[in-house]
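# Notes for the structure review
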Amino acid sequence: MKAGIILLLSILLFACVGEQQQKNIANKVQPNEKSPHFNADSAYHYVERQVLFGARVPQSNAHKACAEYLLSKLSDFCDTAQIQEGLVELYNGQVIPCRNIIGSFSPSKKKRVLLCAHWDSRPFSDQECDSEKQYLPILGADDGASGVGVLLELARQMKQQQPNVGVDIVLFDVEDYGMPEFYKGNLYVEHSWCLGSQYWSKNPHRKGYSAHYGILLDMVGGKNAVFKREQVSTYYASKIVDKVWNKAQEIGFSAYFRNEKGGAITDDHLYLNKIANIPCIDIIRQEPDSETGFADYWHTQNDNMQNISKETLHAVGQTLLAVIYNEN
Ligand code: AHN
Ligand code: ZN
């Protein structure tokens, strides 16, 4: 009888502590009442849908089919959606078409935030040790699809409840066609990466377009990813880096967003800063201790769904929602 009462009391006590702990977790993850909840299952699904097309290499059937899919998603979620078509010149001198896919919320609002990611995947696996594999295209589950997956889920949320600022989602094409390591030609061009964003920066989808700031997502879905303060971002837009990293820490994602200095990466944000004059940061997974500076599956056949984590997608997506819904 006495033992029974003690057992009952300890169950009650345990239940209370458990409830309090859960509340703490809930408070940590969602203190910003203004911002909607990011659904990581939904984001994961959007990543998977892209990967199911196969490698989205420019000029391939998978690339074409995926463009149609992404345009239909943005048309559904955003107030306006369009594909910007242009021509870009590859590292080997070949000229190919480029399709940047763009969706906008409240296009007439003056204060705007630009959210971007690349949607193409790399035609080469030049980080494979096996030289035969180096000519295979990559699936780009993390390198490409993860950022787009997060942005599609943000768009789905924004359709349900719009933020106070205008938002443009720009999915850049031909980011990952940069000169491969095995290339022996001498037509080296410095700016062989990020061709879609270079095109857009010279020819924005609306004349005189500007944004308060931009946020680029690149490789934001990997298991145990860590995001350090990338140096091009700090050079051009340190206040935006502060804003995003502080918000992430405030809502409980300090395990992902670390207040440490990362490397300097040539990525789409460089051209938005340099050419379009839009202060833009890059949230990108780096592994400074690895040989390439990136995760071990980077530009290999292993960049597939097995490396994608809903927790990581959630940390990035929820942070972005909290940042955007905090703007006036
Ligand atoms: C370079 O390797 C020069 N830039 C990395 C940009 C990139 C490639 N992001 C994803 N894939
Ligand atoms: Zn890449």
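Everything below is about the structure printed above this text.
Below you will find a few notes about this structure.

This brings us to the overall build of the chain. Counting its secondary structure elements, the chain contains eight helices and eight strands. Per-residue burial for the chain yields a buried fraction of 54% across its 328 residues. Within the chain, contacts between residues at least 6 apart in sequence are counted, and of these 79% link residues at least 24 apart. In the form shown here, the chain has an accessible surface area of approximately 15,000 Å², with 51% of it arising from carbon and sulfur atoms.

Take the coordination of the zinc ion (ligand 2) next. Protein coordination at the zinc ion (ligand 2): the donors are D143 (OD), D176 (OD), D176 (OD) and H299 (NE2), at 1.9 to 2.5 Å from the metal. Sequence spacing of the donor residues for the zinc ion (ligand 2), all on one chain, is D-x32-D-x122-H. Remark: H299 occurs in the loop between β8 (280–284) and α8 (310–324) and D143 occurs in helix α4 (residues 141–160); sequence separation between them is 156 residues. Exposure class is identical for D143 and H299. Each is buried.

As enumerated under the stated definition, the model contains 12 salt bridges in all. Here E327 makes a salt bridge to K243, at a shortest N to O gap of 2.6 Å. Of this pair, E327 sits in the segment after α8 while K243 sits in helix α6 (residues 231–250), placing them 84 residues apart in sequence. Between E287 and R285 there is a salt bridge, with the nearest N and O atoms lying 2.9 Å from each other. One continuous salt-bridge network, built from bridges that share partners, spans K111, K243 and E327.

Time to look at α8. In a regular helix each residue adds 1.5 Å, so 15 residues correspond to 21 Å; α8 covers 21 Å between its end C-alpha atoms and thus fits that length. Two to three positions downstream of the cap, the backbone nitrogen of E311 sits 3.2 Å from a side-chain oxygen, assigning the N-cap of α8 to S309.

The immediate surroundings of ligand 1 are formed by D143, E175, D176, W193, D218, M219, I265, T266, W298 and H299. D143 places a polar side-chain atom, nitrogen or oxygen, 3.1 Å from a nitrogen atom of ligand 1. Here a nitrogen atom of ligand 1 and a side-chain polar atom of D218 are 2.7 Å apart. Looking at the shell around ligand 1, its residues break down into four nonpolar, two polar and four charged.

Turning our eyes to something else, we now look at the nonpolar core. If you look at the biggest cluster of nonpolar residues, it comprises 61 residues, and the most contacted ones within it are L115, I169, F257 and I283. Sequence-distant contacts of F257, defined by excluding residues within four places in its chain, comprise F227, V244, W245, A248, Q249, I283, A315, V316 and T319. In this structure, I102, L114, F172 and Y209 belong to the second largest nonpolar core, which totals 12 residues.

With that settled, the discussion passes to the packing of aromatic side chains. To describe a pair of aromatic rings, one takes the distance between the centres and the angle between the planes. Tallied over the full model, the rule gives 14 aromatic pairs. Ring centres of W245 and F257 lie 5.1 Å apart, and the angle between their planes is 80°; this geometry places the pair in the edge-to-face category. Highlighted residues: W245 in helix α6 and F257 in strand β7 (residues 257–261), separated in sequence by 12 residues. On the basis of relative accessibility, which here comes to 0%, the residue W245 falls in the buried class. Measuring from centroid to centroid gives 4.4 Å for F294 and W298, while their planes differ by 40°, and the two rings are tilted. You'll find F294 and W298 in the same group, each marked buried.

In terms of strand pairing, strand β6 (residues 227–229) meets β7 through two bridges, oriented parallel. Within β7, the position partnered with R229 by the bridge is K261. In this fold, the crossover linking β6 to β7 by way of α6 has right-handed handedness.

What follows is about the packing of α6 against α8. Two numbers describe how α6 lies on α8: the axes approach to 9 Å, and their chain directions differ by 115°. Classified by the angle their axes make, α6 and α8 are roughly perpendicular. Relative to α8, the crossing made by α6 is right-handed. On α8, the residues touching K243, V244, K247 and A248 of α6 are T319, A322 and V323.

Reading the values: the criteria
Residues numbered from 1 in each chain as written. Chains lettered and ligands numbered in written order. Predicted model: local features only at pLDDT ≥ 70, side-chain atom pairs only at ≥ 80, totals over all residues. Heavy atoms only, no water. Helix = DSSP H or I, 4+ residues; strand = E, 2+ residues; numbered from the N terminus. Buried < 20%, exposed > 50% of the residue type's maximum accessible area, 1.4 Å probe, protein only. Contact = heavy atoms within 4.5 Å. Areas by Shrake-Rupley, 256 points an atom, 1.4 Å probe, with all protein chains shown as cover. Donors = N, O, S within 2.8 Å, 3.2 Å for Na, K, Ca; no water. Salt bridge = Lys/Arg side-chain N within 4 Å of Asp/Glu carboxyl O. Expected span 1.5 Å × (residues − 1). Polar contact = N/O pair within 3.5 Å; in protein donor to acceptor, adjacent residues only side chain to side chain. Near = heavy atom within 4 Å. Nonpolar A, V, L, I, M, F, W, Y, C, P; charged D, E, K, R; others polar. Core = buried A, V, L, I, M, F, W, Y, C linked by side-chain atoms within 4.5 Å. Phe/Tyr/Trp six-rings, centres within 6.5 Å; stacked < 30°, edge-to-face > 60°. Pairing = 2+ DSSP bridges. Right-handed = clockwise from strand over helix to strand, strands pointing away. Axes fitted to C-alpha atoms, helices over the stretch in contact; angles between N-to-C directions. Parallel < 35°, antiparallel > 145°, perpendicular 65-115°, else oblique. Left-handed = near helix turned anticlockwise from the far one by under 90°.

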